[in-house]
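Structure assessment
Residue-level listing of the chains:
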Amino acid sequence: MFAVPPFYLLADPQLVAARARQVGASIEIAETTPAQAARIFSRALPVVPLSARFIDSPGRPDPANAAGTVEAIDRAVSDCLAGRAAAVVTCPIAKKPLYDAGFRFPGHTEYLAHLASLHTGREVMPVMLLAGPDLSTVPVTIHIALADVPKTLTTAMIVATARITAADLTNRFGIASPRLAIAGLNPHAGEGGAMGTEDERIIRPAIDILRAEGIDAFGPLPADTMFHARARAGYDAAICMYHDQALIPAKALAFDEAVNVTLGLPFIRTSPDHGTAFDIAGKGVVRADSLIAALKLARRLADTGTKAVAA
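Residues numbered from 1 in each chain as written. Predicted model: local features only at pLDDT ≥ 70, side-chain atom pairs only at ≥ 80, totals over all residues. Heavy atoms only, no water.

1. Description of the overall build of the protein
Assigned secondary structure in the protein consists of 11 helices and 12 strands. Taking 2.2 N^0.38 as the reference for a compact globule, 311 residues should give roughly 19 Å; the C-alpha atoms of the protein span a radius of gyration of 20 Å, in line with that estimate. Taking the principal axes of its C-alpha atoms as reference, the protein extends roughly 60 × 40 × 35 Å. In the protein, of all internal contacts separated by at least 6 residues, the share reaching a separation of at least 24 is 68%. Counting every atom, the protein has about 14,500 Å² of accessible surface; 55% of that belongs to carbon and sulfur. Separation between the mean location of the 29 positive side-chain charges and that of the 30 negative ones in the protein comes to 5 Å. (Helix = DSSP H or I, 4+ residues; strand = E, 2+ residues; numbered from the N terminus. Rg over C-alpha atoms; globule rule 2.2 N^0.38 Å. Contact = heavy atoms within 4.5 Å. Areas by Shrake-Rupley, 256 points an atom, 1.4 Å probe, with all protein chains shown as cover. Lys, Arg positive; Asp, Glu negative; His and termini not counted. Charge placed at Lys NZ, Arg CZ, Asp CG, Glu CD.)

Structure below.
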């Protein structure tokens, strides 16, 4: 019905079956292995069982479920790096119960980078890309307070983020010469220092470095004029200085279609661009558009089309 590529779910099969009954979904569930998932996808939802079991309480996060959440992430990454799956698609996680259970990473992305470093033996810098039909944005700083952005932002951070973005836009998205629009931090991109010095002192030197390396980066651009249709036609991705500068335009333009892609990893990872939505959990009213978009983009980015996607 949704024309999604084959995938398997890393989950507790009993919980999935119970949730399907609760929302009135008539689906066949088949316990399987990653190797068999693609073969049975046309007739059933393939579920690769986890060792952990879950407390089924829709809309009520429980630290008792943290072990299963972490196990699912671990298994998905291992399957992908071992060639059993072509990509990882993560669903939203509840961070508070994970923290309560001792999880020490800020979120999915940081933990995925940790796992990638363990597997590869080298430090991995993850970069968040919000990819929509009409706009792709990348925040340089992410989950920090707005007041901390000016003192956290550095030329080196901008350069590293833009390098990874340009490389993955070429290697994963097939854009031969990516064009990167670099947003300013302050109103009017600082107006020559009248509204803050960061744009000239931190951001412009980063652009000079990138251009000297052959990367088509330009700016700093006033953020209030770089997201309309005519401006968007001039670049492939916008490099933004903080979380909301990147995510507000991306979600405003394509809330149901935007996909969170983690660049800089040795495997493909996509995710819906929304959170857990506990207020509507178990009611059968949630929209699957962003998850479907994440599955389709994962398949498009995958190096091979012969393996299923681990979700």
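2. Points about the side chain of D199
Of note, D199 is situated in helix 8 (residues 198-212). Although D199 is buried, it makes no salt bridge; R204 carries the closest opposite charge, 7.8 Å away. With residues near it in sequence (within four places) discarded, D199 still touches G184, L185, N186, A189, G190, R204 and P220. (Buried < 20%, exposed > 50% of the residue type's maximum accessible area, 1.4 Å probe, protein only. Salt bridge = Lys/Arg side-chain N within 4 Å of Asp/Glu carboxyl O.)

3. Here we look at the nonpolar core
Here is a general trend for soluble globular proteins: nonpolar side chains tend to be buried in one another's company. By size, the foremost hydrophobic cluster in this structure holds 47 residues, and its most contacted members are L153, I158, L180, I182, I203, M241 and V261. Those residues in contact with I158, other than ones at most four positions away along the chain, are V140, L153, I202, I203, A206 and M241. Counting residues in hydrophobic clusters, the runner-up holds 26 residues, among them L10, V88, I93 and L115. (Core = buried A, V, L, I, M, F, W, Y, C linked by side-chain atoms within 4.5 Å.)

4. A closer look at the packing of helix 7 (residues 155-171) against helix 8
For the pair helix 7 and helix 8, the least separation of the axes is 8 Å and the interaxial angle reads 40 degrees. Considering the angle they form, helix 7 stands oblique to helix 8. With respect to the hand of their crossing, helix 7 and helix 8 are arranged in right-handed fashion. Contacts between helix 7 and helix 8 involve T155, I158, V159, A162 and R163 on the former and, on the latter, R201, I202, I203, P205, A206, I209 and L210. Tallied by class, residues from the contact of helix 7 with helix 8 come to 9 nonpolar, 1 polar and 2 charged. (Axes fitted to C-alpha atoms, helices over the stretch in contact; angles between N-to-C directions. Parallel < 35°, antiparallel > 145°, perpendicular 65-115°, else oblique. Left-handed = near helix turned anticlockwise from the far one by under 90°. Nonpolar A, V, L, I, M, F, W, Y, C, P; charged D, E, K, R; others polar.)

5. Here we look at the packing of aromatic side chains
Applying the stated criterion across every chain yields a total of 4 aromatic pairs. Ring centres of F105 and Y111 lie 5.0 Å apart, and the angle between their planes is 55 degrees; on these two criteria the pair is classed as tilted. In terms of burial, F105 and Y111 fall into one category: buried. Ring pairing ties together the aromatic residues F103, F105 and Y111, which thus form one cluster. (Phe/Tyr/Trp six-rings, centres within 6.5 Å; stacked < 30°, edge-to-face > 60°.)

6. Considerations on helix 1 (residues 13-22)
Among all positions in helix 1, only P13, V16 and A20 are buried. Projected onto a plane normal to the axis of helix 1, the buried residues spread over an arc of 65 degrees and lie on a single side. Facing away from the buried surface of helix 1 by more than 90 degrees, the exposed residues are Q14 and R21. Where the residues of helix 1 are buried, they touch strand 1 (7-11), strand 2 (29-31) and strand 3 (45-49). The N-cap of helix 1, judged by a side-chain oxygen 3.0 Å from the amide nitrogen of Q14 a few residues on, is D12. (Arc of directions from axis to C-beta. Polar contact = N/O pair within 3.5 Å; in protein donor to acceptor, adjacent residues only side chain to side chain.)

7. Side note on the side chain of R232
Mapped onto the elements, R232 comes out in helix 9 (residues 229-232). Although buried, R232 forms no salt bridge, and the nearest oppositely charged side chain, D134, lies 4.9 Å from it. If near-sequence neighbours (up to four positions away) are discounted, R232 is found in contact with D134, L135, M226, F227 and L253.

8. A word on the packing of helix 3 (residues 66-81) against helix 5 (residues 108-120)
Running from amino to carboxyl end, helix 3 crosses helix 5 at an angle of 45 degrees, the nearest separation of the two axes being 11 Å. With respect to their mutual orientation, helix 3 and helix 5 come out oblique. For the pair helix 3 and helix 5, the sense of crossing is right-handed. From helix 3, V70, I73, D74, V77, S78 and L81 reach across to helix 5, where they touch H108, Y111, L112, L115 and H119. Grouping the amino acids of the contact of helix 3 with helix 5 by side-chain chemistry returns 7 nonpolar, 3 polar and 1 charged.

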